Amino acid sequence: MRILRVGVAALATAVVVWVLGARFSVGGMHLPRLGPFLSPFTGFWVDGDRSDRIPASLRLPGLHGEVTVLWDDRRVPHVFASDDHDLYLAQGWLTARDRLFQMDFGTRAAEGRLSEIVGPVALEWDRFRRRIGIPIAAEAAIRALDGDPGTREALHAFAAGVNAWIDGLSVARLPLEYKILDMRPERWSPYRSAVLLKSMSWLLTGESRDLALTRARDALGGDVVRTLYPDEPRFYSPIVPRGTPFPFVPLPALPAPAGTEPAAVPRAAEPGEAAALGSNNWAVAAERSASGHALLSSDPHLPLTLPSVWHEIRLHGPDQDVYGVTLPGAPGVLIGFNDHVAWGETNAYSDVLDWYVVRFRDDTRQEYLLDGEWKPVTWRTETIRVRGGEDVVERIPIVHQGPVPYAAGERPFDPSVPAGAAMRWTGHDPSQEMRAFLALDRARGVDDVLAALRFFACPGQNFAFAADDGRVGIVHAGRFPVRRTDQGKFLLDGTASANDWAGFVPFEQLPQVIAPARGWVGSANQKPTDATYPYWLGWRYGLDRDLRIEERLDALPRATIENVMEMQNDTVSLHARRMLSVALGALDAAALEGDARRAYEALRGWNLRFDADAIAPTVFDAWQRAVSRAMWGKRLPEEAPSPGRDVTDDLVTHDPGSPWFDDPATPEREMRDDVLRSTFRAAVERLAAGHGSYGEGWRWGVVRRTRIAHVARIPGMGREVSASGQYGVLHVVTGSAGQSWRMVVELSRPPRAWAVYPGGQSGNPGSRFYDDRIPAWIEGRLDPVAHPAGPDSTSERVVARTVLEAAP
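Residues numbered from 1 in each chain as written. Predicted model: local features only at pLDDT ≥ 70, side-chain atom pairs only at ≥ 80, totals over all residues. Heavy atoms only, no water.

## With respect to the sheet that holds strand 4 (residues 67-72)
- An order of 3-30-4-5-9-10-11-12-19-20-22 is seen for the eleven strands of this open sheet, with the pairing classed as mixed. The open sheet is flanked by strand 3 (57-60) and strand 22 (512-514), the only strands paired with a single partner. Put simply, the sheet's adjacent strands are angled 20° from each other on average, direction ignored.
- For strand 20 (residues 472-477) and strand 22, the ladder comprises three bridges, and the chain directions are antiparallel. The partner of Gly-473 across the bridge, within strand 22, is Ile-514.
- This element, helix 13 (residues 446-453), spans strand 12 (341-347), strand 19 (461-467), strand 20 and strand 22 of the sheet and lies at about 160° to strand 19. (Pairing = 2+ DSSP bridges. Helix = DSSP H or I, 4+ residues; strand = E, 2+ residues; numbered from the N terminus. Axes fitted to C-alpha atoms, helices over the stretch in contact; angles between N-to-C directions. Contact = heavy atoms within 4.5 Å.)

Below you can see the structure in the form of structure tokens.
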């Protein structure tokens, strides 16, 4: 018996040892070895809040001289260096100190390398990223550095700083996520910074609707599609004020070939819904400012993550003193201010991606047809390493327009990508966006801003800026192709070179305005010009927020800092203002009972604000979604996207007898009021089914929770919050995206600024600076930005000092 007990104990011990050292996978996803993860010496236990400890001094390999870092009470580092090399090296070290895992994991995901971390479950994601050419785009950006030694030096110095941090890490000090995923940091390089920026370019290029609109045109006809998906929005205020002359001769587009449409549209999955990404910015000139100084407001709308998508920093070098935020992994400041200018970007939404249906000679895809001749295909080989499995080799065909991500008949990872089509994307071209940002960091006035923006290519962005001379301006910046009207709105025939782009709009001819008579500039992803602009830039733009910016600023003869901050938190819906009186007028209030009656009364007394503690916005949101489903769900082909909200609004408010209100499944002819009544009942019933009877559970902040997820979607490391706002109001917050950074700057001497973002400086979940700014962000508060005068500052807001010295 004793021998049996010893044998069982030995077997149990062996099993424990094996379990702690073995690797497992569930559903194709790799799980960490439990032994290293649970180790009391190197496992997750030792992370704690170690990153909150600030060293007084240390030696950093690669420095030329001494660098001083002042840490303020918001945990923002202020870096003072005597040359640019040391400035960017220190920035790389500091960014890695706070955000190493985010940088490392994010670039691997962007490049298509998740399978080497989590196994086969990520294989289709990786294939997609390789096939759309994120590595191709990053390589092109690195080639462009040959023409710009300054940017090349900045990227190499930044990489050296990141690697200095990595080199100093023991296994015990690895960020927690490395232990959870059982991985190790990969060394940094300028290429990885390029991957990061090109991935953001792809995100902001936006979901393509070319395939969906082609299907809609085939089913409904061109006239109907032009009505439902117009180039000119129903309600908008262009970035360049209406009536502004365009005194230049535009470059000509290529003449249309005899057959401009592809012979056949390849089938793919139904398009999904686009993410609610965008941004707001505006700048008020000195003559319209209560302080007599120009003001700038910037709030980019991006996916909300922990750690935050942004890292806040100040960089003080021999010819710059810039403050703001950057993407962790890139040197310099991307949105911010210096002593002379302040700037912020919004997504341009102009079309920089077209799809060309390719005709291959046979299934080998070695040749493709162009202008009646068979041309050779170039092939790119990508090897995807799969943890716990065999490597996967991808061979991607490339024609003169670009890569062909999926063969005809394949099911694309992203259903908006057409199978059998080549992509022409400006992100694949050599470009120098990083050079543009580093030049903005040093800009001393409007002329310097304009010179910097000449280097900006992709994605298109609206750069609003304010200067210390009181002037403001905005540029719809980027490389926008010269095309015929609607060329690229639908799939193009790739067999005719006449369907290619004819060049790019010259910088001087881009939509832009400097020192406008109205005293302000602003953008919110809307169409940049009126119909008199001679180039076709696209058709799908943001709605309503631009009109609210115009309404608010035109009503402020002398704008204050408080006015600008309050505007960032404005939750008034112009969509609701247009629709509500008409919609309520269609209801028979006397016949409403129970939840329906209470919902009606809530709407009748609503102030049109999407506030978290209100019930009316929940009812209105559910109702307008029901109206959209009723109008478009049965009348459009399955593949067609729903028309824009402006089209629906226009029909509801101006065309009550439109045939689009009629349900083809019923013998009766439905009119607008019929739809409004039936959809109100349906919306109330849906809310009651999902959230109980009318009451606290119907509040907007309860029904529409906002998830701030961990960058690697690791459970327990994100936050779920209740926040005011909606995608159609100035205070943009959705279920997973929103105002990722709020900044207000006054160009006084010295400048004053206020800022907040939904997260914290640290990427360590055990740090008190991991998510400490979320409460202020929810409440709509902006913190005053510290700006110590120099490295010897005794400001009460400086809480710590680190001296970095060159290692021997």
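Now, onward.
## Details of the confidence of the model for the protein chain
- Mean pLDDT over the protein chain: 92, with 91% of residues reaching 70 or higher.
- For residues 1-22, every residue scores under 50 in pLDDT, and the model assigns this stretch ten contacts once sequence neighbours within four places are set aside.
- The low-confidence segment residues 268-275, where pLDDT is below 50, has 19 contacts with residues more than four positions distant or belonging to other chains. (pLDDT = per-residue confidence, 0-100.)

## Comments concerning the nonpolar core
- Trp-310 and Trp-425 are the most contacted members of the largest nonpolar core, which has 166 residues in total.
- No other element matches the 13 residues that helix 3 (residues 84-111) contributes to this core.
- For Trp-425, the contacting residues outside a window of four places in its chain are Ile-134, Ala-137, Lys-198, Ser-201, Trp-202, Thr-205, Val-352, Leu-353, Cys-458 and Trp-501.
- By size, the runner-up hydrophobic cluster in this structure holds 50 residues, among which are Leu-213, Leu-228, Trp-536 and Val-652. (Core = buried A, V, L, I, M, F, W, Y, C linked by side-chain atoms within 4.5 Å. Buried < 20%, exposed > 50% of the residue type's maximum accessible area, 1.4 Å probe, protein only.)

## Quick notes on helix 5 (residues 123-131)
- The buried fraction of helix 5 amounts to seven of the nine residues, a majority that puts the element mostly inside the structure.
- Residues of helix 5 that are buried include every one of Leu-123, Asp-126, Arg-127, Phe-128, Arg-129, Arg-130 and Arg-131, and no others.
- Buried residues in helix 5 make contact with helix 3, helix 4 (115-118), helix 6 (134-144), helix 9 (190-205), strand 16 (378-384) and strand 17 (392-398).
- Looking one or two residues past helix 5, Gly-133 carries a phi angle of roughly 85°, positive in sign.

## Thoughts on the side chain of His-428
- Note on placement: His-428 falls in the loop between strand 18 (421-425) and helix 12 (433-442).
- What makes His-428 buried here is its relative accessible area of 11%.
- A polar contact is formed between the side chain of His-428 and the backbone oxygen of Ile-132, at a distance of 2.8 Å. (Polar contact = N/O pair within 3.5 Å; in protein donor to acceptor, adjacent residues only side chain to side chain.)

## Comments concerning the packing of aromatic side chains
- With the rule as written, the count across this model stands at 25 aromatic pairs.
- Between Trp-606 and Phe-610, the ring centres sit 5.6 Å apart and the planes meet at 75°, which makes this aromatic pair edge-to-face. Both residues of the pair, Trp-606 and Phe-610, count as buried.
- Linked through ring pairs, Trp-125, Phe-128, Trp-202, Phe-413 and Trp-425 together constitute an aromatic cluster.
- Over the ring of Phe-360 we find Arg-365; its NZ or CZ atom is 5.8 Å from the centre of that ring.
- A cation sits over an aromatic face here: Arg-395 above Trp-379, 4.4 Å from the ring centre. (Phe/Tyr/Trp six-rings, centres within 6.5 Å; stacked < 30°, edge-to-face > 60°. Lys NZ or Arg CZ within 6 Å of the ring centre and 35° of its normal.)

## Observations concerning helix 17 (residues 594-604)
- Buried residues of helix 17: Asp-595, Ala-596, Ala-599, Tyr-600, Ala-602 and Leu-603, and no others. Mapping the buried residues of helix 17 onto a view down its axis gives an arc of 160°, with all of them on the same face.
- Of the surrounding secondary structure, the elements contacted by the buried residues of helix 17 are helix 16 (574-585), helix 18 (616-632) and helix 20 (672-691). (Arc of directions from axis to C-beta.)

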